[in-house]
Every structure is written in C-alpha cells, then in structure tokens.
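# Structural overview
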Amino acid sequence: MRKGSEHMKIERENTMAQGHDTAAELEVREGVDRETVETVQNMGAYKYGWETEIEMEFAPMGVNEDIVRLISEKNGEPQWMTDWRLAAFARWKEMEEPRWAMLNYPEIDYQSQYYYAKPKSMAEKPKSLEEVDPKLLATYEKLGIPLKEQMILAGVEGAENAPAEGRKVAVDAVFDSVSVGTTFKEELKKAGVIFCSISEAIREHPDLVRKYLGSVVPQSDNFFATLNSAVFSDGSFVYIPPNTRCPMELSTYFRINAENTGQFERTLIIADKGSYVSYLEGCTAPKRDTAQLHAAVVEIVILEDAEVKYSTVQNWFPGDEEGKGGIYNFVTKRADCRGDRAKVMWTQVETGSAITWKYPSCILRGEASQGEFYSIAIANNMQQADTGTKMIHLGKNSRSRIVSKGISAGRAQNTYRGLVTMHPKAKNSRNYTQCDSLLIGDRCGAHTVPYIEVKNNSSRVEHEATTSKVDDDQLFYCRSRGMDEEEAVALVVNGFCREVLQALPMEFAMEAQSLVAISLEGSVG
Amino acid sequence: MLEIKNLHVELEEEGKPILKGVNLTVEAGKVHAIMGPNGSGKSTLSYVLSGRDGYAVTEGSATLDGEELLEMEPEERAAAGLFLAFQYPVEIPGVGNMTFLRTAVNAQRKARGEEELSAGEFLKVVREKAKTLKIDAEMLKRPVNVGFSGGEKKRNEILQMAMLEPRMCILDETDSGLDVDAMKLVAEGVNALRDPGRAFLVITHYQRLLDHIKPDVVHIMADGRIVKTGGPELALEVERNGYADILAEIA
Amino acid sequence: MTAPMTRDARRADTTEARLAAIDLPTGGFTAPARAEALARLGTMGLPARRDEYWRWTDPAKLNAEQPEAGAAFRVDRPIFEGRDKLRLVFEDGVFDAAASDDPVLAGVEIARLSEADRADIHWAKAQYGALEASGQTPVARPFAALNTAAATEGVLIRVTGKAARPLHISYRQSEKTSDVILHHVVRIEEGAELTLLETGTPGARSNVVMEVDVARGARFHHIRPQGRATDRVMVTHLFARVAEDATFKSFTLTTNGKFTRNEAVIEVAGDGATAHIAGAALGDGEDGPFHHDDTVFIDHGAVGCESRQVFKKVLKHGATGVFQGKILVRPGAQKTDGYQISQSLLLDDDSQFLAKPELEIYADDVKCSHGSTTGAIDETALFYLRSRGVPEADAKALLILSFLADAIAEIEDEDLAGDVVARLEDWLARRRG
C-alpha cells in the first residue's frame, strides 16, 4: 500500500476542515423516521464523554507477575486461579502483538497502563442511597440505568426489594476493573440462573468456572486474549440450567472511567442443554486525549438444543475528530456450539473505539448447530475498525449466516475480515455471507477480507460483497421531502442497516438506531 | 400405456408418506387430468414417475407399456418415451437452448438405436416446430430458460416435447403463472401434439387449463390417493364448488 | 523474539541456495534492471508457507534448488491449429527457430531477449523489469523478481499497428528435468492491437513472466491454454499497465498440472481503461496431484475504469483450487466499476476450494462487488437434463461447460473461444463414466 498511503497523506494535507451548518429547523414529515431525525437534531458529539471524579484505588502502573498476583489476591481468588493467570502471563511474555489487521496505531506501551483500578467507596457496602458516592450514582444515571438498578449497582443493602420500574433487565455493571453490582439476582436465582460477576463466580461456583473457563478461548489463544487471561479484573458470569428459559434479558454495562487504565473484563456464559438466554452488552468511556486499552474476552458454551443471543452496542469513546484519544478495543469473543442443534446469534453495533479489533466467532461443533453474525460497524473521523467473524463448521448439517454492514465516513478505515471453514466432516452444511460497505465521502476506506475454505462438496458456501456510496437518488428523494443532508444520510444509512437492526432486541435497536445517526455526525458537508 | 398400481411414496429424508396407494391407468390417445388441492401429492407423482431424487417408493409399481419405470434412470425413462413438462423449468446459464435440445434429441435417438440428427437436419426441424409455437429465433439462441418469461419457459417445455416426441406426456401445473393468452398458446401447442399413439396426464389445480386441453378422464387426488374419477364434468364441479364438497362427500 | 529471527534466517538461506543454483546472466541492456531485481529479491527473500499470500499454496517446489523430474507431455495435442497465426516455439525454454515461423508481421516488432540483450540500447530497456518492480507492492512476488534477475530467454514484442494475425508463443517440453525461466516484454503502442496466444508447458518446472504495457486506446487480447502435462510445476506472473481508454483481456485455461500458480498484477492506470481477466481450471486428482492457484491483484488508479475477474474451477479426486483476488481502488479513482467472481464446482468430497476475495476501496463513487460460491453440481439442473433423455455423464459434462461459460465468454474471438471449448470437451470426454 505504499503508493496508496502516500496519495492519501497528500489528500489529508490538502483538505481543510470544512464548515458545516446544522439545520435549525426540523419538520418531520410522513414516513420519516422520527427517532432518527430527532437524534440527528439533538446530535452533540460523543454523548458519554464525561468523566466521574471518584476516588480510585490503583495498583502500581505496568504489568508483571506481582501485579497478576495482586489482582488475583484483590479478587480473593483460590490458588488454581492465580496459577492459571500466571501461566497465561508467562505465555504472553513470549508473544508478539499481531499486526495483520488493517489497523494503523502507534505502539502500545503495556507498561504505562494501570491494570487495576477500583472505586474506593466500594470498600464498604453503603446502607442507603444517601451513603453512596453520589458521583457513582450520577454515572449510572447518565448511562440511563433506572434508579432501582442504580441502587443495586451501588451496592445498597436491601435494594433488591425496592419496586422495579419498567421492563426487567438484569444488569451487571463493570466500572473500570471491578463489577460494582448485579441486579435482580434473587429473581434469577429462583429460576436457577446464576448471574454474577466473574470474581464472585470464581469464589462461589469454582466447579463451573474451572470446567469452562478457557475452554472456548484457551488461555494463550492470541496476544490480547492471553494478556486478558493474566490480568482480567472482573466481568460477568452466567449459567443457565438445563431446559430453562432465562426469565429476563441479562445485560452488562462496561464503563472505563479512570485515566490510563486498561480494562480487561472476562465474560463466561454457559447455556446448559435446552436453555435460552438473551444477553446484552453496552460500553462507554469518557473523552480523553490519550488512548486507552481495552482487551476483553467473552466465552460462550452452548450445549445441546440451547440457544444464546449476544447483542453488543459498543460505544467506547472513538477519539476526537483528529484521532486523538479513544479506546483501543481488542476483543476476543467466541461461542462454542458444543451440542447438537445448539444455536448462537451474535449481533453487534460497533460505533465507538478509535481502534476496533474484534471477530466474534462460532465453532459449530454440534450436528445441525447454527451460528449467526449480524454486524453494523461505523467508522467516522479517524476511527479504524477491523471486525468480522469466523464460522468454523465441524458438525454435519450445520448452518451459518453472516450479514455485515460497514459504513465509513470522514477519514476512517473500515474492514470486514471473516473466515468460513467447511471441515471435511461437516457434510451438508451451509453458509451464506453478505457483506455490504457504504462510503460517505472520498477520504475514507472500506475493505473486505474474507477467507473461505471448503473441504467437502455436499456443503454450499455463498459469499457476496458490495461496496458503494450513499445512493444519490435516495438522498435527493429525502431532501426533496424537507430533510437536510445529514438527516437524509442518517435515514438512508439506517435503511442500509435495517437487516441487522432488526436482529437486535427492541430497546437495543432503538438505541442503536440513534447511535448510527450520532456516529455519522459531521460526515457530510 | 401408463399403469400405476398401489404406488406408495415417502420423502426420503423425513420418511414422511406422500403417496398412499395411487392406482391409475392412462390409455394411448387419451388425455387424463389429475386435479387436487395443494399438498395432495400431484407434483410428487410427476416427480416420482420421471425419477427425481429424494423420494422413496415403498410399495407398488408404475409401468410404461409393461416396462417398470421406477427402476430406470431418468434418462432411460425419457428414452422409453416419458416426458415431464416441469412446473418450474430449470434455468441453465451458459448452455444454449439449441445445444440443449440437440443434445437431448440425439441422446434419445442414440439410446433407441436411431441415427443422430445432423446439425442441418436438426436446425430445420427445430425452426419448423418453433414457428408453430411462436418461439422466435432469439429465444433459441439464449441459454436454457435464462431470462425467459413465465410463458416463454412453458412454451419452451412444449417445444422440447415436440422435438422429443414422447408417447407419454406429463404436464405438471403447466398453467401456473400464465395469463390467458399465454395459456392458450401453450394449450394449442399441446393439442397439436395429440395423437392416437400418445397419451397425456395433465396435472392442474384449476379447471381453466382444461377448457383448452379437453380431458377424457378427470381424477381428483387428495391426501396421496385418487379419491374420485369421472368425466370432464368432474372438473366443472370442482370449478363451481371447490374441493371441499367433493372431499366431504368422500369422507 | 527468537522464533522470527530463525524464520528470517531460514528464508535468507533458501534464497541464497536457490540463487546459487542459477547461472545469472551479465551485461546487455537489461543489466541494471537485473541488478535491481536481485536486490529486491535479497530484501524480500523467497516465500515461506507462513506468508499471508502463500497460506494455501506451499512454495517448496518453487523454492527447491532443482526441479522435481516430471514426465514431458511431448504429444500435447495442438490447439488453435486451424487458425492463421505467427508461431514462435520454445522447447524446454529455448527458442526453436526451425519449428517457428519467420518472425515477420506488419506492425509488429519481434525480437528474442537472448539476442537483443547483446545490445546496450533497446526499446524494451525502459520496460524490462519495470512493471514487475511496481507490482511488488503491496504484496511481494519473489519469483517474479527472481525471473527478472535470471531470465535469458523470452520474446520482446512491440506492436505499432493492428496485427493482422495472432502471435502464438508455443511451449514444448521434452526434458524431464528442464527448469525454465522465460521473460516476455510486450508493448502495445497507442491505438495498436494484438492477440497473443500462449500455449503448452514450458518445462518440468517453469517460471514465466510477461510484462504488458498497453498504451492509450490500444487493445491486448491474451489467451493461454496452459498445456496438459500432469507433472508440471509452474509459476506465472502477468504484469500489465493499461492506459487511457485501452483494453486488456486475458483468459487462462488450466487442465492438469500438479502445481500451477498464476499471478496477475494489473494496473488500471488511465481514465476509461478496461481490464478483464478470467480463468477456467479443471483438475482431476486421478490423473495425478492437482493444485491450482490464481492470485490476482487489480489496482485501480484512474477514473471511470472497469475491471472484471471471472475465475472458475472444477475439482475432483483430491484436487485443490485456490483463489486470492483483490480489487484495490485508490483515492480519486472515482466511477470505478470493479467486479469479481470466483466459483468452484466440487465434483466429489475429497476436493477443496480455498478463497480470499478481497476489496480495498478508498474512493466513494464506485461500484465494486465480489461473489464466491462453492458447491456440488446442481442436482435440479442435472435432473432436468436427464429427464430430457441426456445420460448422466453427458449431462454432467454439459453442466460443467455451462459452469465455465462465463469465464470462456471473456474470450472475444468466437473461433478461438470455440477452440478452447473443444479442448474442454475433449478433456471432459476422456474422464466420462
């Protein structure tokens, strides 16, 4: 790409920041998606970019064996867990950071990060809301978490008995390094569902954790996952017992707050035979002009006839318009459809992060198991995203479907990277992949890098990809009906993403739709 | 000519029975119609007779002039004189319609020990027959059924029938997706091929095709069996009262 | 940090050993280009299995100092026999004047590299190794650099008018261990036109580079049936630059061959240029191992251009097909229409198809798409044909031809396309039943 990047550099230098008028007047006409238009109207820059000044307890900067031990100790872990972490750390020291993704970022100094940060007020459990650090509460409020759940998350005693408002979603919030609270625990317990922080699970359910942790994403799977294995501070744990439909959606909110702090959370979900769960994940971080590291691991084990839906709205701080700051998001997510007819559906809306390196994958081991991946990835300004999925077909009659919608604007680079493998034994299997890229403006890039490996002939693999710009006719049509260009683009882009938005649970879909519009702010003009 | 006895068929993969003892005899020179509601097994019968994969015959027989059809490969059945006009003719991109026809005609001639047609002879015959079916030369040049309208596809089926000169013709829902004019054209093509030595089995959901291709015998099929047999008036009865009455009467 | 050092050291060793086995030419107008190519090769080294673009094709056979002995296919049935053309014959990589036609064709200058290279000045001086050099980024193509550095034979073709008949480079192999390196340079001047036929197997192991510069408004057609030697080990590189309103079209037919890697790097460099590249590959492992790899890079750097990649593979009995194809649209290359299709038909359960169809796009007003499918013969179509009386084997052959039709359609000349189809039919007929 030598020639290409030179050319691009010149273009960048020649391009002056162009002024942009936000439409003052708003008229919602028939057939126009009010939600989208309002969002565009209210569009500020990054909405979650505030920071909460909370007194934090930090471990010393950098990572070494002592830090790994310290994290383990702070979490009150048994020896086997400490050993597991140390083994991972030993491997990590031998590994090199992967560079194959189409991502361009300065070298990360792994020794100038904090690997452990915890709000000091968590040390003792508050008795009522009054005793809770008001700043922590304010944080949850800004995140849109309901009051009762705020109480639970803040660890208020007896909060479980307070009346709930609205729809029930059990929330586990992870604030920098630690889980600060989980809601609806009792109600879930009645159904036999375990939903708690991973640190609690290590203490309370060691048999389950020992059996499954690292069984989907091995300890030394890749550079970032190995680092996570060594230093993960917290995360969520879910176990759904056999033949149980989880009575509510489970949700985790991840929040990076402290400066120079890496967040390494680990999630483990086990869906036992014939069970079902829908899991939502949201993430935000404050605006800062230095990049922050996030390297999470999500492992999902799905047994016979079980089904897991995992939906993510990733809205980490993307950095400013000039590419300063933002989250470097290196995530390993993998689901193992271990039993026959096991089913997993990944849905992701990736709008945040300066750097996204993420490939939620499906191992389709069971016969007639199914994997689905629906993705919207939006990269604006100087964002770079390299994301996609892997569908590893090992079992007979397995099915997979990939729908990826990539949107590039500003000077962003957006890459779909995927792998579909049909193992010789995966007879009669099917894959269908549709990857569409949309370019907004002539300074961004949209790339598609699929790998297809077919090793038996009774399986059928179909891959289609298109790249185009926002349709001028559609834009004109919207504008002739009174929308300004930005509204029109947001509307058309939402249409382009429709298939993926529809795969999201209702509330998330609404949030995602507004996020699409917000993310594209400043992309036209 | 065609004799079906106690034919039982199930879907190979699911083991689900579709035909549950079909008995039917079609004599040379006659036109038989099979009518029936959706899911009665009409199309399955046509596929089983022509030898499509995916069906398991569990009992019974089907013979053409005394020869057991069910043991033959699809191409052997074609060479024996059986022809199925598909409900959904298959598109084959990259294979010219002419190449397709000539390959088929000569394969059958060869199988019957007849001499293959030369390119010149073949062209002459095709042009002639295409003309009567109002198929223009352009359609002959295009790949098989690719980009053809519904009517063109069905006319192309009849052209194949005309070229291959089968003795037993099965028309599977030939009227589906056709407007009245297209249907008339197809029916005219079929009527032109009526011959004392040739028999037809017309499978249709509606009576309207039978206005144009007059049947000698009409059978009603339901739940994998022929439940009623009669003359052309039976088709009119279906047209007037639907299937419900007839089915109720039997039940 | 120790492991990669070892890999680099191993790569350097392999490169050094490979070069030591070659008698590198000196002097002549190509000398500076050869020296640069040698330096390039030194920097990049020969490929290793871990390299991204060699993940599915093991370069060991090409890296080896000596070729594996391979039975010659001396009696390779001729193709394009009935066509009026000017034939140049290479036997085991050496020009055979006696078997060749007199190289005189109006509007076409033809010279042998081995003869022309005695001079210091030649029209080809600016071009020899130039497109190869620019084709080394973003992906290294070490065997092409090796070729530029080491080739002593090849044809230099300069076309100034519309060539009255096709030029035919015909390869023959008679030695079991011939290790052939050929480097052709083609320049089609403004508004000129040439059809180039390239047929046969050059040697037991061969490395062929062709650099084609198509000037403004010129047209170049290339049809390449690669011979049927089953033991053949072959790597080819086609480097092209297509200027304003010029047309480049290349079609390759591969039947048999235990190892074939066809790389193409096409710079679509002038506004309104057209570049089409197509390939049909058929391999039946029963004839011997079959590994076929198409690695294509189309580089759009101008406005309003069109490119098409159409690659089809038919694989049987453990045959392996690889397709790595990329469309790059550089910033500013607006109104690009880029299309790519890679498909494979797996005739049994042993064969495999490995594909990486890539798009890398830096301009917004473009229409780019790719598709890739893999599967068995369409059972419905097969049944349709059989229900019309066509025996199964014939029906399959017909469906295979129909599967390949889109690739063959890229051959503009109907007669030449007919010859290619005849060869295909012949290949299929011998594998029937």
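Residues numbered from 1 in each chain as written. Chains lettered and ligands numbered in written order. Predicted model: local features only at pLDDT ≥ 70, side-chain atom pairs only at ≥ 80, totals over all residues. Heavy atoms only, no water.

## Re the overall build of chain B
What counts here: Counting from the N terminus, the helices are the DSSP runs of H or I reaching at least four residues and the strands are the DSSP runs of E reaching at least two. Only protein chains enter the accessibility calculation, which uses a 1.4 Å probe; a residue is then buried when its area is under 20% of its type maximum, exposed when over 50%, and partly exposed in between. Two residues qualify as a contact provided that any one of their heavy atoms is within 4.5 Å of a heavy atom in the partner residue. Throughout, the Shrake-Rupley method with a 1.4 Å probe supplies accessible areas, and for residues the shown protein chains are the sole cover considered.
Per the secondary structure count, chain B includes nine helices and twelve strands. The 251 residues of chain B split such that 53% are buried. Taking as baseline every contact in chain B between residues at least 6 positions apart, the subset at least 24 positions apart corresponds to 69%. For chain B, the exposed surface amounts to about 11000 Å²; the carbon and sulfur share of it is 47%.

## Thoughts on the interface of chain A and chain C
Put simply, the test is: Take the accessible area each of two parts loses on contact, using a 1.4 Å probe, and add the two losses: that sum is the buried area. Whenever a carboxyl oxygen of Asp or Glu lies within 4 Å of a side-chain nitrogen of Lys or Arg, that contact is scored as a salt bridge.
Taken together, the contact pairs 40 residues of chain A with 44 residues of chain C. Across the chain A/chain C interface, buried area totals approximately 3500 Å², and carbon plus sulfur atoms make up 50% of it. Viewed at the interface, chain C and chain A are joined by two salt bridges. Between C:Asp349 and A:Lys427 there is a salt bridge, with its nearest N and O atoms 2.4 Å apart.

## A look at the sheet that holds strand β9 (residues 168–172) of chain B
All names here are of chain B. For the record, the criterion: Following DSSP output, two strands are said to pair if at least two bridges run between them. Geometry is summarised by axes, namely lines fitted to C-alpha atoms with helices restricted to the contacting stretch, and by angles between N-to-C directions that run from 0 to 180 degrees.
The six strands lie next to each other as β6-β9-β10-β3-β11-β12, forming an open sheet whose pairing is mixed. This sheet does not close on itself; its edge strands, each paired only once, are β6 (82–85) and β12 (225–230). Averaged over all adjacent pairs, the angle separating strand axes in this sheet is 20 degrees, with direction ignored. Pairing between β9 and strand β10 (residues 199–204): five bridges, direction parallel. The residue of β10 that forms the bridge with Met-168 is Ala-199.

## Points about the confidence of the model for chain A
Residues and elements named next belong to chain A. Filter applied, for reference: The pLDDT score gives, residue by residue, the confidence of the prediction method on a 0 to 100 scale.
Across chain A, pLDDT averages 80, with 74% of residues at or above 70. For the stretch residues 1–33, pLDDT sits under 50, and the model shows 42 contacts to residues farther than four places along the chain or on other chains. Counting interchain partners and residues more than four positions distant, the pLDDT-below-50 stretch residues 39–44 has 18 contacts.

## Topic: the interface of chain B and chain C
When the parts come together, some accessible area is lost, and that loss is often what is quoted as the size of the interface. This is how the line gets drawn: Residues adjacent in sequence count toward polar contacts only when both atoms are side-chain atoms; beyond that, a polar contact is any pair of N or O atoms within 3.5 Å, and within protein one must be able to donate a hydrogen and the other to accept it. Under the scheme applied, nonpolar residues are Ala, Val, Leu, Ile, Met, Phe, Trp, Tyr, Cys and Pro; charged residues are Asp, Glu, Lys and Arg; polar residues are all the others, including Gly.
Contact with chain B, which involves 31 residues of that partner, is made by 17 residues of chain C. Buried surface at the junction of chain B and chain C, summed over both partners, amounts to about 1900 Å²; 68% is from carbon and sulfur atoms. Counting every contact that joins chain B to chain C gives three salt bridges. Scanning the region where chain B abuts chain C turns up eleven residue pairs in polar contact (both at pLDDT 80 or more). Broken down by secondary-structure element, the contributors of at least two residues to the side of chain B that touches chain C are α1 (42–50), α2 (74–79), β6, β7 (92–96), α3 (97–111) and α6 (150–164) of chain B. Per-element accounting of the side of chain B that touches chain C gives the leading share, six residues, to α3(B). Across the side of chain B that touches chain C, the residue classes break down as 18 nonpolar, eight polar and five charged.

## A word on the pattern of salt bridges
All names here are of chain C. Counted by the stated rule, this structure contains 68 salt bridges over all chains. The salt bridge involving Arg-49 is made with Asp-58; its shortest N-O contact spans 3.9 Å. Relative accessible area serves as the criterion here: at 41%, Arg-49 is assigned to the partly exposed category. When the shortest N-O distance is used, the salt bridge between Arg-308 and Glu-410 registers 3.0 Å. Here Glu-410 lies in the loop between α8 (392–408) and α9 (414–429) and Arg-308 lies in strand β15 (residues 306–316), a separation of 102 residues in the sequence.

## Notes on the pairing of strand β22 (residues 430–440) of chain A
All names here are of chain A. Buried residues dominate β22, accounting for nine of its eleven residues. Sheet analysis places strand β20 (residues 399–409) next to β22, joined by eleven bridges and oriented parallel. The residue bridging Ile-402 from the neighbouring strand is Thr-433, located in β22. Note that β22 and strand β24 (residues 460–469) share ten bridges and pair parallel. Within β24, the residue paired with Gln-434 across the bridge is Glu-464.

## Remarks on the packing of aromatic side chains
Spelled out, the test is: Centres within 6.5 Å are what make two rings of Phe, Tyr or Trp a pair, Trp counting through its six-membered ring; a difference in plane orientation under 30 degrees is then read as stacked, over 60 as edge-to-face, and the rest as tilted. For a Lys NZ or an Arg CZ to count as sitting over a ring, it must be within 6 Å of the ring centre and within 35 degrees of the ring normal.
Tallying each qualifying case throughout the model produces 27 aromatic pairs over all chains. With centroids separated by 5.6 Å and ring planes inclined at 35 degrees, the aromatic side chains of A:Trp100 and A:Trp357 adopt a geometry described as tilted. Taken together, the positions of A:Trp100 in the loop between α4 (79–94) and β2 (117–119) and A:Trp357 in strand β15 (residues 355–358) put the pair 257 residues apart, joining distant regions of the chain. In this structure an aromatic cluster arises from ring pairing among A:Phe89, A:Trp92, A:Trp100, A:Tyr105, A:Tyr110, A:Phe223, A:Phe224, A:Tyr328, A:Phe330, A:Trp357 and A:Tyr359. Sitting over the ring of A:Phe232, A:Arg85 keeps its end group 4.1 Å from the ring centre. Taking the ring centre of C:Trp56 as reference, the NZ or CZ of C:Arg55 above it sits at 5.7 Å.

## As for the sheet that holds strand β4 (residues 55–64) of chain B
All names here are of chain B. Reading across the sheet, the four strands line up as β2-β1-β4-β5 and stay open at both edges, with antiparallel pairing between neighbours. Of all strands in the sheet, those bounded by a partner on one side alone are β2 (17–26) and β5 (67–68). Sheet analysis places β4 next to β5, joined by two bridges and oriented antiparallel. Following the sheet pairing, Leu-64 is matched in β5 by Glu-67. Of the strands in this sheet, β1 (2–11), β2 and β4 are in contact with α1, which crosses β1 at around 105 degrees.

## Side note on the environment of B:Leu49
All names here are of chain B. Positionally, Leu-49 belongs in helix α1. Residues Leu-49 and Met-72, spaced 23 residues apart in sequence, show a C-alpha to C-alpha distance of 9.9 Å. Non-local contacts of Leu-49, meaning those with residues more than four positions away in its chain, are made with Leu-2, Ile-4, Ala-62, Leu-69, Arg-77, Leu-82 and Ile-170.

## Remarks on the state of the cysteines
Residues and elements named next belong to chain A. Which entries qualify depends on this criterion: For the purposes of this analysis, a disulfide is any pair of cysteine sulfur atoms at a distance within 2.5 Å.
Under the definition given, this model contains zero disulfides over all chains. For Cys-362, which is in no disulfide, the shortest distance to another cysteine sulfur is to Cys-337 and amounts to 6.2 Å. Given a relative accessible area of 0%, Cys-362 falls into the buried group.

## Notes on unusual backbone geometry
In this structure, the amide linkage connecting C:Thr137 to the following residue, C:Pro138, adopts the cis form with an omega of 0 degrees. Residue placement: C:Pro138 occurs in the loop between α5 (130–134) and α6 (142–150). Backbone geometry at B:Glu173 places phi at a positive 45 degrees, although glycine is not the residue there. Secondary-structure assignment places B:Glu173 in the loop between β9 and α7 (180–192).

## Some thoughts on a negative patch on the surface
Which entries qualify depends on this criterion: Here a patch means residues that are over 30% exposed by relative accessible area and free of salt bridges, tied together within 9 Å if like-charged and within 5 Å if nonpolar (Val, Leu, Ile, Met, Phe, Trp, Tyr). Positive: Lys, Arg. Negative: Asp, Glu. His and the chain ends are not part of the count. Every charge is mapped to an atom, namely NZ of Lys, CZ of Arg, CG of Asp or CD of Glu.
Together, B:Glu12, B:Glu13, B:Glu14, B:Asp53, C:Asp378 and C:Glu379 make up a negatively charged patch on the protein surface. If you trace the backbone, B:Asp53 turns up in the loop between α1 and β4. What makes B:Asp53 exposed here is its relative accessible area of 60%.

## Re the packing of α6(B) against α7(B)
Residues and elements named next belong to chain B. Note the following rule: In what follows, roughly perpendicular refers to angles from 65 to 115 degrees, roughly parallel to angles under 35, roughly antiparallel to angles over 145, and oblique to any angle outside these ranges.
For the pair α6 and α7, interaxial distance at closest approach is 10 Å and the crossing angle is 0 degrees. By the angle between their directions, the pair α6 and α7 is classed as roughly parallel. Contact with α6, carried on its side by Gly-151, Lys-154, Arg-155 and Ile-158, involves Ala-182, Leu-185, Val-186, Gly-189 and Val-190 of α7 and no other residues of that element.

## A look at the side chain of C:Thr57
Residue and element names in this part refer to chain C. Following the sequence through the fold, Thr-57 ends up in the loop between α2 (31–44) and α3 (60–63). For Thr-57, the side chain forms a polar contact with the side chain of His-291, separated by 2.8 Å. For Thr-57, the residues in contact, after removing those within four places along its chain, are Arg-49, Phe-259, Arg-261, His-291, Asp-293 and Val-322.

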